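Listed below are the residues making up each chain.
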Amino acid sequence: MDLTEPVLKIILSDSPYHSEFSAFQTKSISLEESKGDNGRDKQEKYGAAMTEFVNKLKEWRKDRPKPSAQIVYKAMNKAFSQFDLIKSKGKFGEGETLCSIRERFRRVLANSFSSFEKDVLAGDGVVALQNSGIGEIINSDWFKNDAVYKTNIAPLLDVDVSITKALLSHPLFDLRCGDVPLKSVGGQNPPWKAAKGNNAGQKVATMLRTFERKHRATLASATNQLEVVNVLKRLKSNQELSTNSSLINPNHTAYQRLLAAAKKFGLEGELEAWRKG
């Protein structure tokens, strides 16, 4: 079957057999339900993005190996099991984004296929058994220095018929998805990660959440800069929060709401400077 936009839409609209959603379905939301000009804009952007993605997929599929159903079933089952293990064991980091989650799955997927291919294609049955999706996500190039990559994946990169090699360049892993959280300078964990499970870090998070809730209505309805400035003054006057501001996770929902309100009036720099101490 040739890959077309209608075929891809069918694939994307149907929940995969392995997903929890396929067992516990709720009402789906489609772009067609959107009303007004904003809805039409979203549909146009979605259509353009879909066309671009389909074209990239078609180009990618040229001269790529066609895997058997058996290896796809085995490798995908292994990949989904490993990825679910990362989630169930709480191995996701504090600052995960769509981009970092995608990178974790790219590693798991490539490693899964390589574990079935390496013995046959590279003549080497030695396979590293670690879960390649666990660990700090820096960027895709950083993974090349990982022992799992060097042992399982690198030997297959010169084999043209390798599915592992083909998957690493799949267009899905090139889609724009936002910034990946980085470690702080010097390779040390950011303060809020160091404070994970730490009473001080938890206390600061609770205090910030309480503060944001108290001022949420004011921030949401603010029509001038002075209203937000006054809220930020109260935030800075909170001695305990100010003393421990470096423990605040910038991805915390309460902080993101404060940051969004500050951005409306060009005050995000002031808020960030306070957080970083």
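The written sequence of each chain sets the order in which its residues are numbered from 1. The model is predicted, so local features are restricted to residues of pLDDT at least 70 and side-chain atom pairs to those at 80 or more, both for listing and for counting; the totals for chains, interfaces and linings are taken over all residues. Where side-chain values are given, they derive from all heavy atoms of the structure, hydrogens and water being excluded.

A few words now on the packing of helix α10 (residues 225–237) against helix α13 (residues 268–276). Between N-to-C directions, angles span 0 to 180 degrees; the directions come from axes that are lines fitted to C-alpha atoms, helices contributing only their stretch in contact. Every helix listed is a DSSP run of H or I at least four residues long, and every strand listed is a run of E at least two residues long, numbered separately from the N terminus. Between α10 and α13, the shortest axis-to-axis distance is 12 Å and the interhelical angle comes to 5°. On the basis of their axis angle, the class for α10 and α13 is roughly parallel. Residues Leu232, Leu235 and Lys236 of α10 lie in contact with α13, whose contacting residues are Glu270, Leu271 and Trp274. The nonpolar class holds Ala, Val, Leu, Ile, Met, Phe, Trp, Tyr, Cys and Pro. Asp, Glu, Lys and Arg form the charged class, and all remaining residues, Gly among them, are polar. Partitioning the contact of α10 with α13 into residue classes produces four nonpolar, no polar and two charged. Just so you know how the angles are binned, under 35 degrees is roughly parallel, over 145 roughly antiparallel, 65 to 115 roughly perpendicular, and the rest oblique. Contacts: residue pairs with any heavy atoms within 4.5 Å of one another.

What follows concerns the packing of aromatic side chains. Only centres within 6.5 Å qualify two rings of Phe, Tyr or Trp (six-membered ring in Trp) as a pair; their planes then separate them into stacked at under 30 degrees, edge-to-face at over 60, and tilted for everything else. Scanning all chains against the criterion turns up two aromatic pairs. A ring pair is formed by Phe80 and Phe105, whose centres lie 5.8 Å apart and whose planes are at 25°; its orientation type is stacked. Of the two residues, Phe80 is situated in helix α4 (residues 69–88) and Phe105 in helix α5 (residues 98–121); the sequence distance between them amounts to 25 residues. Where Phe83 meets Phe105, the ring centres are 5.4 Å apart and the plane angle is 85°; that geometry is what we call edge-to-face. In this pair, Phe83 sits in helix α4 while Phe105 sits in helix α5, placing the two residues 22 residues apart along the sequence. Here the aromatic residues Phe80, Phe83 and Phe105 are joined through ring pairs into a cluster of three or more.

As a further point, take helix α12 (residues 253–263). Only protein chains enter the accessibility calculation, which uses a 1.4 Å probe; a residue is then buried when its area is under 20% of its type maximum, exposed when over 50%, and partly exposed in between. Within α12, burial applies to Ala254, Tyr255, Leu258, Leu259, Ala261 and Ala262. Across the axial projection of α12, the buried residues extend over an arc of 160°, all falling on one side. Working definition: the arc comes from the directions between the helix axis and the C-beta atoms, pointing outward to the latter.

Another aspect to go through is the nonpolar core. To form a nonpolar core, buried Ala, Val, Leu, Ile, Met, Phe, Trp, Tyr and Cys residues must be joined to one another through side-chain atoms within 4.5 Å. Counting residues in each nonpolar core, the largest one holds 23 residues, and the members touching the most others are Leu208, Val228, Leu235, Leu241, Leu258, Leu267 and Leu271. For this core, the secondary-structure elements that each account for two or more residues are α9 (199–221), α10, α12 and α13. Among the elements that make up this core, the one with the highest residue count is α12 (six residues). Once you skip the residues sitting within four places of it in the chain, Val228 turns out to touch Leu219, Ala222, Ala261, Ala262, Phe265 and Leu267. Of all hydrophobic cores here, the second largest spans twelve residues; its members include Ala75, Ile86, Phe113 and Ile163.

With that out of the way, let us pick up the confidence of the model for the protein. One number per residue, pLDDT, summarises how confident the predictor is, and it ranges from 0 to 100. Mean pLDDT for the protein: 75, with 69% of residues reaching 70 or above. Here helix α2 (residues 20–23) stands out as the element of the protein with the lowest mean pLDDT, 44, in contrast to α10, whose mean of 92 is the highest. When the criterion is pLDDT under 50, residues 17–34 qualifies, and its contacts beyond four places in sequence or with other chains add up to 14 contacts. Every residue in residues 179–188 is under pLDDT 50, and counting partners more than four places away or in other chains gives 20 contacts.

The next point concerns a nonpolar patch on the surface. A grouping of Val120, Leu121 and Val161 is seen on the molecular surface, where their side chains present a nonpolar patch of about 270 Å² in accessible area. Tracing the sequence through the fold places Val161 in the loop between α6 (147–153) and α7 (163–168). Given the relative accessible area of 53%, Val161 is considered exposed. Residues with no salt bridge and a relative accessible area higher than 30% make up the patches, which join like charges within 9 Å and nonpolar side chains (Val, Leu, Ile, Met, Phe, Trp, Tyr) within 5 Å. Throughout, the Shrake-Rupley method with a 1.4 Å probe supplies accessible areas, and for residues the shown protein chains are the sole cover considered. Within this document, salt bridges are pairs made up of a side-chain nitrogen of Lys or Arg and a carboxyl oxygen of Asp or Glu, the two lying within 4 Å of each other.

Between α12 and α13, the shortest axis-to-axis distance is 8 Å and the interhelical angle comes to 145°. Residues Tyr255, Leu258, Leu259, Ala262 and Lys263 of α12 pack against Glu268, Leu271, Glu272 and Arg275 of α13. Class assignment of the residues belonging to the contact of α12 with α13 gives a composition of five nonpolar, no polar and four charged.

Looking now at unusual backbone geometry. In the Ramachandran plot, Asp63 falls in the positive-phi region, its phi being about 60° despite a non-glycine side chain. Looking at the element boundaries, Asp63 is found in the loop between α3 (36–61) and α4. Assessed through its relative accessible area of 78%, Asp63 is described here as exposed.

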